[in-house]
Amino acid sequence: MERLDPRTTHGTPDPLVQGGQGAFPGGTPGGTFDPWRYRDDAGVTGADLVGYKVEASDGGIGKVDRASHEVNSSYLVVDTGPWIFGKKVMIPAGTVNHVDHDERKVYVDRSKDQIKAAPEYDETADTDPAYRDKLGGYYGDTYSAIPPGTAR
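Sequence order as written defines the numbering, with residues in each chain counted from 1. The predicted origin of the model limits local features to residues at a pLDDT of at least 70 and limits the giving and counting of side-chain atom pairs to 80 or more, whereas totals for whole chains, interfaces and linings rest on all residues. Only hydrogens and water are removed before side-chain values are computed, so all heavy atoms of the structure are retained for them.

An unreviewed UniProt entry lists the protein chain under the name PRC-barrel domain-containing protein, with Micromonospora echinaurantiaca given as the organism.

Right, here's the structure in full:
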């Protein structure tokens, strides 16, 4: 499968629709980013993603170690292996662009550097609201930096 170029559109609708309010795949209203919910069109529904390879916008980052499908609380824990010294990272579900089940790959719409700079994964705090707010805020900030009309 071809890697998506984050600088171009890939079949996503024009973000300025519905009277300029914006509409994005996955049902996020007004262009808001919901970090803890998989996009409707990502192809995740009911799938066990554990063991899938994870591709950032600029290359592979590791494998899914754990996946959550809890309503409004979904995320992936990715084992980065030697990429960032065997560190695990927690990636909110909203960053998942799409899943290729044939190739067993999850594509996220963040770069390796954005993921590497994310708050460190804390296995003991993954359900702590303060930790989730910090992580969701970090990924929300990186989302808002993506220009309209680019791949999400």
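A. The arrangement of the overall build of the protein chain in detail. For the protein chain, the count of helices and strands is 2 helices and 6 strands. By definition, any uninterrupted DSSP run of H or I lasting at least four residues is a helix, any uninterrupted run of E lasting at least two residues is a strand, and each is numbered from the N terminus. Mapped from its N terminus to its C terminus, the protein chain presents α and β elements in the order β-β-β-β-β-β-α-α. The classification of residues rests on relative accessible area computed with a 1.4 Å probe and restricted to protein chains. Under 20% of the type maximum is buried, over 50% is exposed, and intermediate values are partly exposed. Taken across its 152 residues, the protein chain has 46% of its residues classed as buried. In this analysis, two residues are considered to be in contact whenever any of their non-hydrogen atoms come within 4.5 Å of each other. The contacts of the protein chain with a sequence gap of at least 6 include a subset with a gap of at least 24, amounting to 56%. For every accessible area listed, the method is Shrake-Rupley and the probe measures 1.4 Å; residues are considered covered only by the protein chains on display. Here the protein chain displays about 7800 Å² of accessible surface, and carbon together with sulfur accounts for 50% of that area.

B. Geometry of the nonpolar core. Nonpolar cores are built from buried Ala, Val, Leu, Ile, Met, Phe, Trp, Tyr and Cys residues. Side-chain atoms within 4.5 Å join them into one set. By size, the foremost hydrophobic cluster in this structure holds 33 residues, and its most contacted members are L49, V96 and V106. Excluding anything up to four places from it in sequence, L49 contacts Y38, V44, V64, A67, L76, V99, H101 and V106.

C. The pairing of strand β3 (residues 75-79), seen in detail. The buried fraction of β3 amounts to 4 of the 5 residues, a majority that puts the element mostly inside the structure. The pairing of strand β2 (residues 59-68) with β3 spans 5 bridges and is antiparallel. When the sheet's bridge partners are listed, A67 is paired in β3 with L76. Strand pairing is assigned whenever DSSP detects at least two bridges linking the two strands. The hairpin turn running from β2 into β3, its antiparallel successor, is 6 residues long, and N72 in that turn takes a positive phi close to 55 degrees.

D. Examining the packing of aromatic side chains more closely. Centres within 6.5 Å are what make two rings of Phe, Tyr or Trp a pair, Trp counting through its six-membered ring; a difference in plane orientation under 30 degrees is then read as stacked, over 60 as edge-to-face, and the rest as tilted. Applying the stated criterion to the full structure yields 1 aromatic pair. Here the aromatic rings of Y138 and Y139 are separated by 5.1 Å at their centres, their planes lie at 85 degrees, and the arrangement is edge-to-face. Each of the two residues, Y138 as well as Y139, counts as buried. Counting as a charge over the ring demands two things of the Lys NZ or Arg CZ atom: a distance within 6 Å of the ring centre and an angle within 35 degrees of the ring normal. In this structure, R132 is placed above the aromatic ring of W36, and the distance from its NZ or CZ to the ring centre is 4.2 Å.

E. Here's a closer look at the confidence of the model for the protein chain. pLDDT expresses how confident the predictor is about each individual residue, on a scale running from 0 to 100. Scored by pLDDT, the protein chain has a mean of 77; 73% of the residues are at 70 or more. The least confident element of the protein chain is helix α2 (residues 129-144), whose mean pLDDT is 84; the most confident is strand β6 (residues 105-108), at 97. When the criterion is pLDDT under 50, residues 1-30 qualifies, and its contacts beyond four places in sequence or with other chains add up to 54 contacts. Confidence over residues 146-150 falls short of pLDDT 50; this stretch has 13 contacts with residues more than four positions distant or in other chains.

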